[in-house]
Amino acid sequence: MKASLAQMCMFSHITVEQEADRYFKMLKRKVYNTPKGYIDLISSYLLFLKEKYNELNSYKNKLSGGLKKLAETNEIVKSLEESLTKLQPILKEKAVEQEALIGKIKIDRVDADKVKEVVGAEEQIVNAEAQKIKTVKDEADRILSEALPILQSAKESLDTLQRQELAEVKGNQNPMIKVMWQCCAIVLYNKEDDDTVRKMLADASLISRMKEVDPDRISEDVQKKAKKKFAANPAFTPDEVAKKQGSAKSIAKWVKAVVECTDIAKEVSTKQKYVNEMSGKLEGALSALKVKQDQLAVVVKKVTDLENQLHESIKEKDRLENEKILTEERLDRAGKLTTGLADEQIRWKEKVEELKEDVRKLIGDVFLSAASVVYYGPFTGSFRSEIVEK
């Protein structure tokens, strides 16, 4: 290729020299064909070739890029059509799935409501029983908490008795003091006769035995006798006894407190027995209620799981619907683009082929152009045409 171009350069320069001589002979006009013109031919050719090649190649690349984009768009259109085709049955399937879930949720929710109603009713019954038991227990605790300090105070008052004071009380023959000792004998021995009283008073550990008395263990017979004695002697009170002998007040206080606490102990015992019995029944009811509550939890969880599943299905369907709408919009825009440029696509393909051919011919065309620019200037039109023909 380089050798051919060199031959063309030489041929062009020699041809111009010959035409310059003929031009002088015919028109008497001198044309100077110097080596500089030869160099200008080469430099102009290289410059024009580069510019024209870039121009044609740029145009060709733009058209090729457009054709590539159109081809990609056609592929996108095809892909979008396939996506729409796939989406249709999926959307129908989702709709059927949601209808089935809604029906199942309705049925299960009815079952759950029935179980919830039963469990709620049983909860009310059990809670009412529990409250009743608590009320009785609280009442027993209250009564006991009020009575125990009285008994404890009476026992502590016994500790204040000195041995000499006790002896004085034992020797006091006042009728009220005698009633006091009879009451003590009833509590300790379930007897009130004189022998039992004397035997009791002779006991050196009397105070210790009195302090060890547990009201819970006093029999009903002892309690009745003591109360009968109190009723027969209404004036028998710790304060009245103290008027007869001050140190005897603590003993009177103790015997009164023991008998009164016996009543309280029996009342508390009755209440505690009721609480224990009902607590056992309540425990069974709570166990049965727990079973039903667990069953209810299973049913509720089932409904909740179905509702969550329905929610997720709706979300997925909405997503697919949005995807379908977006795909249709993209397909519409892409379709308009490909339809509108269908004729252009044909023209662009033809133009690209023409440009390829132009690029192939560019070496010769640019050479003629460069030679014309460098050598044509001094010649007339007829001479220029003849030079090109040669």
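Thresholds, definitions, all that
One numbering rule holds for all chains: residues counted from 1, following each sequence as written. A pLDDT threshold of at least 70 governs which residues receive local features in this predicted model, and a stricter bar of 80 or more applies before side-chain atom pairs are shown or counted, although totals over entire chains, interfaces and linings include all residues. With hydrogens and water stripped out, all remaining heavy atoms of the structure feed into the side-chain values. What counts as a helix is a DSSP run of H or I of at least four residues, what counts as a strand is a run of E of at least two, and both are numbered from the N terminus. A 1.4 Å probe rolled over the protein chains alone gives each residue an accessible area, and that area as a share of the maximum for its type sets the label: buried under 20%, exposed over 50%, partly exposed in between. Only heavy atoms enter the contact rule, under which two residues are in contact if any of them lie within 4.5 Å. Residue burial considers only the protein chains on display, and all accessible areas are found by Shrake-Rupley using a 1.4 Å probe. Values of pLDDT, ranging from 0 to 100, describe the predictor's confidence in every residue of the model. Nonpolar cores were defined as sets of buried Ala, Val, Leu, Ile, Met, Phe, Trp, Tyr and Cys residues, with membership established by side-chain atoms within 4.5 Å. By definition here, a salt bridge exists when the distance from a side-chain nitrogen of Lys or Arg to a carboxyl oxygen of Asp or Glu is within 4 Å.

A. Representation of the overall build of the protein within the structure. Helix and strand counts for the protein come out as 11 helices and zero strands. Going from N to C terminus, the protein has its helices and strands arranged as α-α-α-α-α-α-α-α-α-α-α. Looking at the protein as a whole, 32% of its 390 residues qualify as buried. For the protein, restricting intrachain contacts to residue pairs at least 6 apart in sequence, the fraction spanning at least 24 positions comes to 84%. Looking at the protein as shown, the accessible area adds up to about 24600 Å², and 55% of this sits on carbon and sulfur atoms.

B. Structural detail: the confidence of the model for the protein. Summary statistics for the protein give a mean pLDDT of 76 and a share of 84% for residues scoring 70 or more. Of all the helices and strands in the protein, helix 11 (residues 381-389) carries the lowest mean pLDDT, 71, while helix 4 (residues 175-189) carries the highest, 86.

C. Molecular detail of the environment of serine 313. Structurally, the position occupied by serine 313 is in helix 9 (residues 249-340). If sequence neighbours within four positions are ignored, serine 313 has contacts with Lys94, Glu97, Gln98 and Leu101.

D. Main features of the nonpolar core. Membership of the largest hydrophobic core comes to 32 residues, with the highest contact counts inside it found for Met180, Trp181, Phe236 and Trp254. Elements with a minimum of two residues in this core: helix 4, helix 5 (194-202), helix 6 (206-212), helix 7 (220-232) and helix 9. Top element by residues in this core is helix 4. It accounts for 11 residues. In terms of nonpolar packing, the next biggest core, distinct from the first, is built from 16 residues, Leu5, Leu56, Leu67 and Val366 among them.

E. Summary view of the pattern of salt bridges. Considering all chains together, one arrives at 10 salt bridges under this definition. In this structure, aspartate 203 and arginine 209 form a salt bridge, with 3.6 Å as the shortest nitrogen-oxygen distance. Overall, the relative accessible area of 29% leaves arginine 209 in the partly exposed class. A salt bridge links lysine 243 to glutamate 240; the nearest nitrogen and oxygen atoms lie 3.1 Å apart. Note that lysine 243 and glutamate 240 are positioned in helix 8 (residues 238-244) at a spacing of three residues, about one turn of the helix.

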